[in-house]
Amino acid sequence: MPSLSALMPWRQTDEQLIRRGSILEIVGIVLLAITVLVHNPLLMVILLPLGALVVLLGWVAWAWAFMRSL
Amino acid sequence: MAFLLIAAAIVLVVLILIVRRASGTLATRQGKVLALVVLGLLPMIWLGGTMKYTDAAMKKVDFCVRCHSMVPYGESLHADDDWALSAVHFQNNLVDREKACYVCHTSYVAFGGLKAKLRGLRHVQAHYLGGHEGEIELYEPYINTDCLHCHGVARSFLEGGGHQGFMDELRSGETSCLECHDEAHYFEDEDA
C-alpha cells in the first residue's frame, strides 16, 4: 500500500500516472454512466459529483504526465 | 440521448484500456497525440455531455415525482380545477410541460438556477434523513418576480385582471400575487 506522499504526481513516473489516471477516469465514467441510467435522486446527488471528481482526478494525473513529457 | 451516452462510455472505456496497455505511451509523438485525444479530450467531452444531460433530466417533472412525497404535486398538474395555478399553467401550456416544476420553482434572479439546485439537495436531505414533519411548505415565501418574469409584460396582466390599481405594489413585492391567486396546487384528497 503506497503512502499518501508517494501518490503525489511529482513522486510518480509518467507510466504510473497514466496507469493510475486512466483507471480513475474509467471508474468515474462508470459512476457517471450509472447516474445516466438510474434517475434516482439520492444516487444522482451522490454519484454525479463523485463521478465527476474521480474523472477530473484521473484527468489531472494524465495531464501532469503529458505536460512533463513535452 | 441516454443510450448514446452509455454507448459512448463503453467505447471510451475500451479506448482508455487500449491506450493504458500500450507501454511508453508518451515516448513517441503518435503516442502523445493518442493520449491527448483518448485520455485528455474525449473524457472531458463525455463528461460535459453527461453533465448537460443530467442537468436537463433533473429539471423534468418525471424526476421531481420520483420522490413519493412529490407525487400529489405531480398529480395536481392534471387536476380538474381552473383556479389552481399549477393546473392552469400546465394544462394551458403556459409553461414547458416537461419542466413545469422547475419553471415555476426557480427564481429568475442572479444564480436562481444554482439556488434551485441547492434547494434540491435540501429536498433530498429532508426526504431521506427526515427532519420535516407534516405538510410540505416552501422554504421561503414565493416571490412576485417569479410570476412577473412571464406575466410582467403580458397584455392580459397589464390591462386585465384588475391589476392596474396596485401595479407598483405587485412589482415591488409589497403585495404578493398569492394574496389573490391563493391556490398553488389542488389536491383531490382535499375534497374527501
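**Quick notes on the interface of chain B and chain A**
For interface size, the figure often reported is the accessible area lost on association.
Alright, step 1. Each partner contributes to the interface: chain B provides 34 residues, whereas chain A provides 30 residues.
Alright, step 2. Of the roughly 3000 Å² buried where chain B meets chain A, counting both sides, 82% is carbon and sulfur surface.
Alright, step 3. Of all residues in chain B, Arg20, Leu26 and Leu39 of chain B give up the largest surface area on contact with chain A, accounting jointly for 20% of the area buried on that side.
Alright, step 4. The interface formed by chain B and chain A contains zero salt bridges.
Alright, step 5. Of all the secondary-structure elements, those providing two or more residues to the side of chain B that touches chain A are helix H1 (2-21), helix H2 (29-57) and helix H7 (112-129) of chain B.

**Some points on the domain arrangement of chain B**
Alright, step 1. One can read the domain layout of chain B as domain 1 (2-57) and domain 2 (64-190).
Alright, step 2. Once you take the C-alpha centre of each, domain 1 of chain B and domain 2 of chain B turn out to be 41 Å apart.

**Overview of the packing of aromatic side chains**
Residues and elements named next belong to chain A.
Alright, step 1. Evaluated as defined, the whole model comprises four aromatic pairs over all chains.
Alright, step 2. Considering the side-chain rings of tryptophan 59 and tryptophan 62, the 5.6 Å spacing of their centres and the 55° angle between planes classify their relative orientation as tilted. Placement of both tryptophan 59 and tryptophan 62 in helix H2 (residues 41-69) is noted, with a separation of three residues, approximately one turn of the helix.
Alright, step 3. Under the relative-accessibility criterion, tryptophan 59 is labelled partly exposed at 27%.
Alright, step 4. Their ring planes at 25° and their centres at 5.1 Å tell us that tryptophan 62 and phenylalanine 66 sit as a pair that is stacked. In this pair, tryptophan 62 and phenylalanine 66 are both assigned in helix H2, four residues apart and thus about one turn of the helix distant. Per residue, the accessibility class of tryptophan 62 equals that of phenylalanine 66, and both read buried.
Alright, step 5. Through pairs of rings, three or more aromatic residues link up here, namely Trp59, Trp62 and Phe66.

Definitions and limits used
Residues numbered from 1 in each chain as written. Chains lettered and ligands numbered in written order. Predicted model: local features only at pLDDT ≥ 70, side-chain atom pairs only at ≥ 80, totals over all residues. Heavy atoms only, no water. Contact = heavy atoms within 4.5 Å. Buried area = accessible area lost by both parts, 1.4 Å probe. Salt bridge = Lys/Arg side-chain N within 4 Å of Asp/Glu carboxyl O. Helix = DSSP H or I, 4+ residues; strand = E, 2+ residues; numbered from the N terminus. Domains from an automatic or database assignment. Phe/Tyr/Trp six-rings, centres within 6.5 Å; stacked < 30°, edge-to-face > 60°. Buried < 20%, exposed > 50% of the residue type's maximum accessible area, 1.4 Å probe, protein only.

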